[in-house]
2 protein chains.
Amino acid sequence: MLIVKKFGGTSVANKERIFNVAKRCIEEYQKGNDVVVVLSAMGKYTDELITMAKDINENPPKREMDMLFTIGEQMSVALMGMAMNKLGVPAVSLNAFQVAMHTTSVYGNARLKRIDTERIKNELEQRKIVIVTGFQGVNKYDDYTTLGRGGSDTTAVALAAALHADACEIYTDVDGVYTADPRKVKNARKLDQVTYDEMLELATLGAGVLHNRSVELAKKYGVTLVVRSSLNNEEGTKVRRGSKMEKMLVSGVAGDADTARIAIMGLKDEPGVAFKLFNALAKHDINVDMILQSIGRKGKKDISFTVSEENADEAAKVIEEQFDDYEGVDVNKNVAKVSIVGAGMQTNAGVAAKMFEALYDENINIRMISTSEIRVTVLIDQENTERAMNAVHDKFSLGD
Amino acid sequence: MLIVKKFGGTSVANKERIFNVAKRCIEEYQKGNDVVVVLSAMGKYTDELITMAKDINENPPKREMDMLFTIGEQMSVALMGMAMNKLGVPAVSLNAFQVAMHTTSVYGNARLKRIDTERIKNELEQRKIVIVTGFQGVNKYDDYTTLGRGGSDTTAVALAAALHADACEIYTDVDGVYTADPRKVKNARKLDQVTYDEMLELATLGAGVLHNRSVELAKKYGVTLVVRSSLNNEEGTKVRRGSKMEKMLVSGVAGDADTARIAIMGLKDEPGVAFKLFNALAKHDINVDMILQSIGRKGKKDISFTVSEENADEAAKVIEEQFDDYEGVDVNKNVAKVSIVGAGMQTNAGVAAKMFEALYDENINIRMISTSEIRVTVLIDQENTERAMNAVHDKFSLGD
């Protein structure tokens, strides 16, 4: 078997943890498996590099920033190589040039285009553990690029796809994917498996054990993802293609307090208003989540939408700059999203109604509703988040 | 004009110094010249990396060590790129893969084989300052290598040769090459120029502003070296091919206390003894400097030689292991070498005698003598080093 294992910055933050990761990889290796390890920069080292750069130039060129960033992962892989050698196992560390990891040109947020597998395969054939820098790539100008958020997960999945690995294990500080956040819902239960689409919805909803970019990539190439804890030997959660035999109607409940509702009242009810609004927001890189449009009185309409909290004030500003003809803007940061996710939902009516019933039983008011094929999301007052999550979790008997 | 400028770790040890170097390079650039900058790792960062590595594995594989080392220079060049950008000048940083710098395979002590100049030339044509990582290269396996001692100087000279640069300026914490160490000889004088061969002898003698590897390379390719201070705008010292018009008989006086004399008494006077001795030392990587053999009594001979102080005890151990038949070994660490160096010496008799006279006037006993075409070295008691240097410096009127 060929296994790709990815460990984040926390897992390699110091000597002791580096050796823990090394031992874990060696166990796999000693079963006779081929092991490729993808690492992030140690602990908060990337933040330290940002501080270092900003001290020199508060607005550093992105190309040079990537040149600086990439040393973080190179440090991790080199030290890991030394740790494995110390434990008597042959290992070799490789950076993005050595692999090579080809990406698009854009600095700071590149996409992987192609991964050469020759070098890695050669090293595996010599029975070495191969340790690869996550997060980084090389563009057509032969410059370093970085992959942006969730970059190392993406590297791991892409490598697993390119190498036709049997599994891609993502090690985190949780045991796997849960039916709800165990800190908020007491009888939350670890799932043995979820589908890519469920995981995507959960990632988008901020229940994010995995970044959705890596899940999308895994889905595209059919890579079996395993979310596991770097702290224990639990089996973790498998993320894979949905089975027709799904019994679970709903897989999990997610809550996300990092959201704000913006309501614009009394806009003119004429074509192009929504386009103008959301186009202006997009140009300011503001991602809009839920959207609700209601028909108002006398040829007017109201539009409400949610954005992340940090974008709320800028979004309000954009509206004030772009529109003259409206009655008012209201920004409410005191809201939260609660969602249920489940691949079984597609073929089962009444799931949404059951969720609403749970909230009604708790006397929790729903401010907005949005649905996808495998998700129902409601916007509620933030103070009710945990109560709502528990009520919904119980309603669908997810803890059983 | 195309100028290669090399700055060591001290010159880029912090933000203020990084900006000083940036400004200095920009001055050159604004004269209309093309500027290539070679940098070492910041301050003591390479030592920090060694500490980090040894903490994981006291005997780390050299390949992984080089993988770790190379991040030091990459950090320097990326931050320098940001500093120059901040000052409004286009700059681009390049590592050994991006240049590319091809070296021999050996990790930790590779030799440069070939430098691709296409990327650098392209960047220069776009009127960018090009900032290159010193000390590092890439071998035929596509692995990082490092060049060992004096590595960044070597990178700078090799780049100057490959790019047919008009000069290679090595910035240090001294103004240039002096007739003697100014801390020891008060009226020591800065030289406007020295020949490659003089510089080589001075480097070997530990007066080492430049590592002899970089001087040898400069000599081979006829690169004009300039040793300058990174702290002021003094002209510095030019190192170049010797001129027939040389007026100076002696260019400088060097003292080196890092030496130990080992004497083996009563060896058998038969063929192969010296071979056996120095072959054994070479196998233990012990460099021998001065050698003196004297014929003893009754078919016996004595051999004395000098090694660096750190190798003295091991050398004595090697002798004890290799030889049975001798009367005794004496190790004396309380000695020092004092040398005069000068290209003019070759064609002038009596230079050595004049040096010995200076020492005799000071009543300093000479224990060993060794000469090359452009150098005379004596071994004396360590306590007399400064007095000897001053006496010889005065005798040849080097301060005038």
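Remember, it's a predicted structure, so these values are computed and weren't measured experimentally.

**Topic: the environment of A:S105**
All names here are of chain A. The topology assignment puts S105 in the loop between β4 (101-103) and β5 (112-115). Among the residues examined, S105 registers 13 C-beta atoms within 10 Å and is labelled partly exposed. As for S105 and E216, which are separated by 111 residues in sequence, their C-alpha atoms are 21 Å apart. The contact partners of S105, leaving out residues within four places of it in the chain, are N139, K140 and Y141.

**Details of the relation of the copies chain B and chain A**
You can overlay chain B on chain A at an RMSD of 0.2 Å; the transform is a turn of 179 degrees with a shift of 0.1 Å along its axis. Accordingly, the operation relating the two chain copies is best matched by a two-fold axis. Among all residues of chain B, the minimum C-alpha distance to the rotation axis is found for B:I71, at 2.7 Å. Both copies share a contact surface, since 100% of the interface residues of chain B are interface residues in chain A too.

**Section: the packing of helix α2 (residues 45-56) of chain A against helix α3 (residues 62-86) of chain A**
Residues and elements named next belong to chain A. As a packed pair, α2 and α3 sit with axes 9 Å apart at the nearest point and diverge in direction by 150 degrees. Of the two elements, α2 crosses α3, and the hand of that crossing is right-handed. Contacts from Y45, T46, L49 and A53 in α2 reach M65, L68, F69 and G72 in α3. Among the residues making up the contact of α2 with α3, the classes are represented as six nonpolar, two polar and no charged.

**Digging into the domain arrangement of chain A**
Entries for chain A in the domain assignment read domain 1 (2-172) and domain 2 (253-395). The centre of domain 1 of chain A, based on its C-alpha atoms, is set 38 Å off from the matching centre of domain 2 of chain A.

Cut-offs applied
Residues numbered from 1 in each chain as written. Chains lettered and ligands numbered in written order. Predicted model: local features only at pLDDT ≥ 70, side-chain atom pairs only at ≥ 80, totals over all residues. Helix = DSSP H or I, 4+ residues; strand = E, 2+ residues; numbered from the N terminus. Buried ≥ 20, exposed ≤ 12 C-beta atoms within 10 Å, placed from the backbone. Contact = placed C-beta atoms within 7 Å. Least-squares fit on C-alpha atoms with pLDDT ≥ 70 in both. Axes fitted to C-alpha atoms, helices over the stretch in contact; angles between N-to-C directions. Left-handed = near helix turned anticlockwise from the far one by under 90°. Nonpolar A, V, L, I, M, F, W, Y, C, P; charged D, E, K, R; others polar. Domains from an automatic or database assignment.

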